[in-house]
Amino acid sequence: MPDEVLSTIADGVATVTLNRPDKRNAMNTALLAGLRACFDELDPRPDVRVVVVRGAGPAFCSGMDLREMEERGGAQADPESGVIATLQRVERSRHPTIAMVHGDAIAGGCELALHCDLRVAADVARFGMPLARVGLVVPFLLGQKLVEIVGPAHTRQLLFTGRPIDARRAYEIGMVHEVVPPAQLEPVTYALARIVADNAPLSLAGMKATLLRAGALREQIAHEDLDALARRARQSADASEGRRAMLEKRKPVFRGE
């Protein structure tokens, strides 16, 4: 498994750590591959009851690696497909999952937290979906997850403004289950993990399977036309300008092309 993702197991609780602290745990190809491989390895293990997902350094996860994305701007492959596949793999984990969000969870990082079953956040954490600020369209499956968790009204606000919200606001709209001071985040999260891990394994597995089946109908919604819109935006001059502006820490100049 790449060093971009670390995994430990103690007393039935697995901890999966995104480990690119100098890049704010931005999702590059290696991190995404490592995260999928990690969950593939954890699923069959009988000594795992629950999985905690966390990030090293100041941020939980800043989303897609914009520098890698810009370097691959002319490539035919969809760079977002790897993110979607990874998030779906996390969601399909056989074990219940808990996102421990100590810092910013932005774009794909916000979605990573949402694809976990439970979310505990430090009160200094922020959640945001600033795709419009870099000229991108949210992939259908990720927009669908937002609507599922916080509803259409709050999804509109998050996507149209691109502005992050703090953890307290995230709690108010149902995005996170608990908000605590930073010093209490780890003990509170692992106390919750202990509560889950102490339950009957067959019950946990059966209820996780039931919840996944209950949401299975959403996979039948056609979205090829929406994928085309997202692809057009991703390959546009505006998207390249947005990525460069974000990397250069300046305001982008969008031209609608």
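What you see is a predicted model, and the numbers here were worked out from it, not measured in a lab.

Some details on the side chain of threonine 17
Part 1 of the argument: Take threonine 17: it is sitting in strand 2 (residues 13-18).
Part 2 of the argument: Residues contacting threonine 17, with those up to four places away along its chain left out, are Glu4, Val5, Leu6, Arg54, Gly55 and Ala56.

Description of the pairing of strand 1 (residues 5-10)
Part 1 of the argument: Where strand 1 lies against strand 2, 6 bridges are found, and the strand directions are antiparallel. Following the sheet pairing, valine 5 is matched in strand 2 by leucine 18.
Part 2 of the argument: Between strand 1 and strand 2, which follow one another and run antiparallel, lie 2 residues, and aspartate 11 among them has a positive phi close to 55°.

A closer look at the nonpolar core
Part 1 of the argument: In this structure, Phe60, Val101, Leu112, Phe127 and Met175 are the most contacted members of the largest nonpolar core, which totals 54 residues.
Part 2 of the argument: It is helix 1 (residues 29-42) that provides the largest number of residues to this core, a total of 6 residues.
Part 3 of the argument: Apart from the residues lying within four places of it in its own chain, the contact partners of phenylalanine 127 are Val101, Ala105, Ile106, Cys110, Ala113, Ala121, Pro164, Ile165, Ala167, Ala170, Met175 and Val176.
Part 4 of the argument: Of all hydrophobic cores here, the second largest spans 14 residues; its members include Val13, Val50, Met100 and Ala197.

As for helix 9 (residues 224-234)
Part 1 of the argument: Within helix 9, the full set of buried residues consists of Ala230, Ala233 and Arg234. Buried residues in helix 9, looked at end-on, bunch into an arc of 100°, giving them a common side. Away from its buried face by more than 90 degrees, helix 9 exposes Glu224, Asp225 and Arg232.

Overview of the pattern of salt bridges
Part 1 of the argument: A full pass over the atoms with the stated rule returns 14 salt bridges.
Part 2 of the argument: The shortest N-O distance in the salt bridge between arginine 24 and aspartate 104 comes to 3.1 Å. Of the two residues, arginine 24 sits in the loop between strand 2 and helix 1 while aspartate 104 sits in the loop between strand 4 (97-101) and strand 5 (105-106), which places them 80 residues apart along the sequence.
Part 3 of the argument: The exposure class of aspartate 104 is buried, given its relative accessible area of 12%.

Some details on the sheet that holds strand 5
Part 1 of the argument: In space, the 3 strands of this open sheet follow the order 5-7-8, with mixed pairing throughout. One side of each edge strand has no neighbouring strand; the edge strands of this open sheet are strand 5 and strand 8 (165-166).
Part 2 of the argument: In the sheet, strand 7 (residues 126-128) pairs with strand 8 via 2 bridges, with the strands oriented antiparallel. Looking across to strand 8, one finds that arginine 126 is bridged to aspartate 166.

A word on unusual backbone geometry
Part 1 of the argument: Located in the positive-phi region is arginine 24, a residue other than glycine, with phi close to 55°.
Part 2 of the argument: Its identity is not glycine, yet asparagine 25 carries a phi of approximately 55°, on the positive side.
Part 3 of the argument: Here asparagine 25 lies in the loop between strand 2 and helix 1.
Part 4 of the argument: You can call asparagine 25 buried: its relative accessible area is 0%.

Considerations on the sheet that holds strand 1
Part 1 of the argument: Pairing in this open sheet of 6 strands is mixed, and the strands run 1-2-3-4-6-9 from one edge to the other. Edge positions in the open sheet fall to strand 1 and strand 9 (178-180), since each of these has one partner strand only. Ignoring which end each strand starts from, the neighbouring axes of this sheet average 20° apart.
Part 2 of the argument: The sheet strands contacting helix 1 are strand 1, strand 2, strand 3 (50-55) and strand 4, and the helix crosses strand 1 at an angle near 20°.

Quick look at the layout of surface pockets
Part 1 of the argument: When its volume is computed, the largest pocket comes out at roughly 910 Å³.
Part 2 of the argument: Going through the elements one at a time, helix 2 (66-71), helix 3 (79-91), helix 4 (108-114), strand 7 and helix 10 (237-248) are the ones with two or more residues in the lining of the largest pocket.
Part 3 of the argument: Looking at the lining of the largest pocket residue by residue, the class counts come to 17 nonpolar, 5 polar and 12 charged.
Part 4 of the argument: Considering only enclosed or pocket space, the second largest pocket measures out at about 430 Å³ in volume.
Part 5 of the argument: The wall of the second largest pocket is formed by 20 residues, among which Cys116, Asp117, Leu118, Lys208 and Leu211 lie closest to the centre.
Part 6 of the argument: Per element, the largest residue contribution to the lining of the second largest pocket is 5 residues, and it comes from helix 8 (residues 201-214).
Part 7 of the argument: Per-class residue counts for the lining of the second largest pocket are 10 nonpolar, 3 polar and 7 charged.

Rules used in this analysis
- Residues numbered from 1 in each chain as written.
- Predicted model: local features only at pLDDT ≥ 70, side-chain atom pairs only at ≥ 80, totals over all residues.
- Heavy atoms only, no water.
- Helix = DSSP H or I, 4+ residues; strand = E, 2+ residues; numbered from the N terminus.
- Contact = heavy atoms within 4.5 Å.
- Pairing = 2+ DSSP bridges.
- Core = buried A, V, L, I, M, F, W, Y, C linked by side-chain atoms within 4.5 Å.
- Buried < 20%, exposed > 50% of the residue type's maximum accessible area, 1.4 Å probe, protein only.
- Arc of directions from axis to C-beta.
- Salt bridge = Lys/Arg side-chain N within 4 Å of Asp/Glu carboxyl O.
- Axes fitted to C-alpha atoms, helices over the stretch in contact; angles between N-to-C directions.
- 1 Å grid on protein atoms, 1.4 Å probe; cavity = no way out; pocket = protein on both sides within 12 Å on 5 of 7 lines; lining within 4 Å.
- Points joined across faces, edges and corners; volume = space filled by probe spheres on them.
- Nonpolar A, V, L, I, M, F, W, Y, C, P; charged D, E, K, R; others polar.

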